[in-house]
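# Coordinate analysis (summary)
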Amino acid sequence: MGEQRNSFLDQVKSQIKSKEAQEFVSIELHQHLNEVKNYWLQKGISADEAEEKAVSQMGNPINIGRKLNHIHRPKIDWMTLILFMAALLLGFLPLLSQGYMNSNHFSTYKVVFVIVGGMLALGMMFIDYRKLVNKGWLFYLLGLLFLIFLTGHFNTITEGQAVLKMGPLNIEDLMAIPLFLLAWAGFFQSNRFRMWQLILLFLLSLYFFLQCSVTTLFIYVTMTFTMMWWSKFNRKTIAIVLGSIFTLAVTWGVIVWMNVSYYQRYRFLSFINPYDSQEYFSLLKVHHLFMEAGWFGKHSFMDQFIPQAHTNFVFLSFTYYYGWLFAAILFLVLSLVVIRIIFITQKINDPYTKLLLVGVMIIYTVQLVGHVGMIVGFFPMTNMSLPFISYGLMPILLNAFLIGIVLSIYRRKNLLSSNRLVSNER
């Protein structure tokens, strides 16, 4: 009777185009056939007769296969793709306003960055993220090794940023974030993962992140704590752990403050009391230029110089040149990405998938809110990139990876239980 079952499953799968869906449906139907078979076994009939009845009760395999093919066919998240492409194209506007598009160096590199980022996101869409669920330890070790190598063999180029030079590439500490995203998602979904392991692994990784840039450290800590909050651990236990870590962080911060770089300490004090700042490009200067832009911008930088106008202060330069109206449109497009991720998350029940989406959303949101908040005066000045808009390969790769995770999840969101359909067919 095994041949009858296999023949039935082969006919069902022959109507399903997606290989991933075929595998999923095969497992689901096997489980359902076993349930029906056990029902008839309990009625006292033989195993062969129970198997035959189970298969016959399933119904027409061709009809079942066609319906399952319609339900489980891979989906393309066109909304996220459109927002992704719109953000990448908007990233050319700061270079255009500053005249960098006339430079072969900047224009060529920017085009290459966008193409590579687009290919990464699309490539990630075709990778089955579910196969990474049990690879948490692998990604954690890779992330840790990356940080150890980076912090031990880096060149400090700007604002204490740890960078590994590989020919023309500057690999930043920011690229450790995706590895730890996959690691923590794998850990937090596991029922065997314990709180003591969480504390030990977090403190170990935190030690190396403390040697990286402040922005990367902030992204990592916020991502980890948020994913922890949405994990299987008891909320009360999480609150106690977070409180303990916060106390340790404050104590450590007091110690670090005595040895922190002068410019970092000065920027923080300038944020607390901007009127006492002697820095040329202070928060007061940033606020003044932002307010001076008006609704339609100045369309020129002849009277003003904005340092790092295509990277750390790209939202300011964008607003100053194009005005509040275009800045609002830019912020809306970037914010719609967050809203889209939240919308997808609400429709997901799988713990691992939900943790991945929460982590992706936090990493992206911290960058967006952190950069814009710095420009409008809510946060101290940092080197936080604006997703897809700030010039540079590493920020684009990071955010393209995040978009790729979202596309991969959406593509497989319809691989749900087929029991309801099979029951209807019966």
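Each remark here, short or long, concerns the structure printed above.
First, a word on scope: everything that follows refers to the structure included in this document.

Calculation criteria
- Residues numbered from 1 in each chain as written.
- Predicted model: local features only at pLDDT ≥ 70, side-chain atom pairs only at ≥ 80, totals over all residues.
- Heavy atoms only, no water.
- Axes fitted to C-alpha atoms, helices over the stretch in contact; angles between N-to-C directions.
- Helix = DSSP H or I, 4+ residues; strand = E, 2+ residues; numbered from the N terminus.
- Parallel < 35°, antiparallel > 145°, perpendicular 65-115°, else oblique.
- Left-handed = near helix turned anticlockwise from the far one by under 90°.
- Contact = heavy atoms within 4.5 Å.
- Patch = residues over 30% accessible without salt bridge, like charges linked within 9 Å, V, L, I, M, F, W, Y side chains within 5 Å.
- Areas by Shrake-Rupley, 256 points an atom, 1.4 Å probe, with all protein chains shown as cover.
- Salt bridge = Lys/Arg side-chain N within 4 Å of Asp/Glu carboxyl O.
- Buried < 20%, exposed > 50% of the residue type's maximum accessible area, 1.4 Å probe, protein only.
- Polar contact = N/O pair within 3.5 Å; in protein donor to acceptor, adjacent residues only side chain to side chain.
- Phe/Tyr/Trp six-rings, centres within 6.5 Å; stacked < 30°, edge-to-face > 60°.
- Lys NZ or Arg CZ within 6 Å of the ring centre and 35° of its normal.

For any two helices packed against each other, one specifies the crossing angle of their axes together with the interaxial distance. Axis separation between helix H8 (residues 136-152) and helix H10 (residues 195-209) bottoms out at 9 Å; the angle between their running directions is 25°. Judged by the inter-axis angle, H8 sits roughly parallel to H10. In this structure, H8 crosses over H10, and the sense of that crossing is left-handed. For the pair formed by H8 and H10, the contact residues are Trp137, Tyr140, Leu144, Leu147, Ile148 and Thr151 on the first element and Gln197, Leu201, Leu204, Ser205, Phe208 and Phe209 on the second.

This paragraph deals with a nonpolar patch on the surface. Taken together, the side chains of Trp295, Phe296, Leu325, Phe326 and Ile329 define a hydrophobic patch exposed on the protein surface, amounting to about 540 Å² of accessible area. Tracing the sequence through the fold places phenylalanine 296 in the loop between helix H14 (283-292) and helix H15 (314-322).

Glancing now at the pattern of salt bridges. A complete count under the given rule lists three salt bridges for this structure. Here aspartate 128 makes a salt bridge to arginine 130, at a shortest N to O gap of 2.8 Å. Arginine 130 gets classed as partly exposed once you look at its relative accessible area, which sits at 28%. Residue arginine 412 is joined to aspartate 128 by a salt bridge in which the shortest nitrogen-to-oxygen separation is 3.6 Å. Of this pair, arginine 412 sits in the loop between helix H18 (393-411) and helix H19 (419-425) while aspartate 128 is found in the loop between helix H7 (104-125) and H8, placing the two residues 284 residues apart along the sequence.

On to the side chain of arginine 5. For arginine 5, the location among the structural elements is in helix H1 (residues 2-13). By relative accessible area, arginine 5 is classed as buried at 9%. Within the structure, arginine 5 has its side chain in polar contact with the side chain of asparagine 34 (distance 3.0 Å).

Here the focus is the packing of aromatic side chains. All chains considered together, the criterion is met by 27 aromatic pairs. With a centroid separation of 6.3 Å and an interplanar angle of 80°, the aromatic rings of tyrosine 140 and tryptophan 184 are classed as edge-to-face. One end of the pair, tyrosine 140, is in helix H8; the other, tryptophan 184, is in helix H9 (residues 177-189), and 44 residues separate them in sequence. Look at tryptophan 184 and you get buried, because its relative accessible area is 0%. Both rings, one in phenylalanine 318 and one in tyrosine 322, keep their centres 4.9 Å apart while their planes meet at 45°; by these two values the pair is tilted. Residue phenylalanine 318 and its partner tyrosine 322 are both found in helix H15; the two are separated by four residues, about one turn of the helix. Site record: aromatic cluster; members linked through ring pairs are Trp137, Tyr140, Phe180, Trp184, Phe187, Phe188, Phe193, Phe202, Phe209, Tyr220, Phe225 and Phe233. Geometry around tryptophan 230 places arginine 235 over its ring, the cationic atom sitting 5.7 Å from the centre.

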